[in-house]
Amino acid sequence: MTSSCEATEMTEPEKGFAGALASETLAKLTHFAETGEMATIDLGGLPMSNRDRAALDDFLGCGEVSATIEVIGRTEVWETQFSGVWRVRHFGEGAIATDLIEISACPKILFADRRDAESAARHLAEALELNPGIVETPHEI
């Protein structure tokens, strides 16, 4: 599997989705900039070829932030060269299972779930009890 931000040479024909999706992205990004309303474009239902997907990824490019999440499969998230436009790609059994463009300050998958944070707080409290010398004054939870 190639990196999400690497250009890939494809031999299959392009179906012309990249330009249309870039225009839709522009409309949603403009709306987000004006209102703060987030939007998602689900590429999964579109009959895109790998060449279309590569053309879109090449056009959107890569920004400064990327993350890989390994929970029930692999998820790749990266900022495009356009602030507020993110690519989110979930993999299942080596193939793309979900392919999204998210227009937001930060993709939803990168936000901590409250239940996970509650569990983490308990684990952190236990760790501090096991390592009392790590902090000089106790903190309340």
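A brief look at the structure comes next. (Residues numbered from 1 in each chain as written. Predicted model: local features only at pLDDT ≥ 70, side-chain atom pairs only at ≥ 80, totals over all residues. Heavy atoms only, no water.)

1. Comments concerning the sheet that holds strand β3 (residues 74-79)
Working step 1: The strand order β1-β5-β4-β3-β2 describes an open sheet built from five strands, whose pairing is antiparallel. Of all strands in the sheet, those bounded by a partner on one side alone are β1 (39-42) and β2 (66-70). For this sheet, the mean inter-axis angle between neighbouring strands, taken without regard to orientation, is 20°.
Working step 2: In this sheet, strand β5 (residues 95-103) lies alongside β1 in antiparallel orientation, the contact comprising four bridges. (Pairing = 2+ DSSP bridges. Helix = DSSP H or I, 4+ residues; strand = E, 2+ residues; numbered from the N terminus. Axes fitted to C-alpha atoms, helices over the stretch in contact; angles between N-to-C directions.)

2. Section: the packing of helix α1 (residues 17-35) against helix α2 (residues 50-60)
Working step 1: Packing of α1 against α2 brings their axes to within 8 Å, and their N-to-C directions diverge by 45°. By the angle class used here, α1 and α2 are oblique. Here the hand of the crossing between α1 and α2 comes out right-handed. Two secondary-structure elements touch here, α1 through Phe-17, Ala-18, Leu-21 and Ala-22 and α2 through Asp-52, Ala-55, Leu-56 and Phe-59.
Working step 2: In terms of residue class, the contact of α1 with α2 is made up of seven nonpolar, no polar and one charged. (Parallel < 35°, antiparallel > 145°, perpendicular 65-115°, else oblique. Left-handed = near helix turned anticlockwise from the far one by under 90°. Contact = heavy atoms within 4.5 Å. Nonpolar A, V, L, I, M, F, W, Y, C, P; charged D, E, K, R; others polar.)

3. Some thoughts on the pattern of salt bridges
Pairs can form between side chains of opposite charge whenever their charged atoms are close.
Working step 1: Counted according to the given criterion, the structure contains eight salt bridges.
Working step 2: Salt-bridge contacts for Asp-113 lead to Arg-115; the nearest nitrogen and oxygen are separated by 3.1 Å.
Working step 3: Judged by relative accessible area, which is 61%, Arg-115 ranks as exposed.
Working step 4: What emerges from the salt-bridge pattern is a single network uniting Arg-53, Asp-57, Arg-87, Arg-89 and Asp-99. (Salt bridge = Lys/Arg side-chain N within 4 Å of Asp/Glu carboxyl O. Buried < 20%, exposed > 50% of the residue type's maximum accessible area, 1.4 Å probe, protein only.)

4. Some points on the side chain of Ser-49
Working step 1: Relative to the helices and strands, Ser-49 is located in the loop between β1 and α2.
Working step 2: A distance of 3.0 Å separates a polar atom in the side chain of Ser-49 from the backbone nitrogen of Asp-52. (Polar contact = N/O pair within 3.5 Å; in protein donor to acceptor, adjacent residues only side chain to side chain.)

5. Digging into unusual backbone geometry
Working step 1: Look at Ile-72: it is not a glycine, yet its phi comes out positive at around 50°.
Working step 2: The residue Ile-72 is located in the loop between β2 and β3 in this model.
Working step 3: For Ile-72, a relative accessible area of 87% corresponds to the exposed category.
Working step 4: For Glu-93, which is not glycine, the phi dihedral falls at a positive 55°.
Working step 5: Of note, Glu-93 is situated in the loop between β4 (85-92) and β5.
Working step 6: For Glu-93, a relative accessible area of 88% gives the class exposed.

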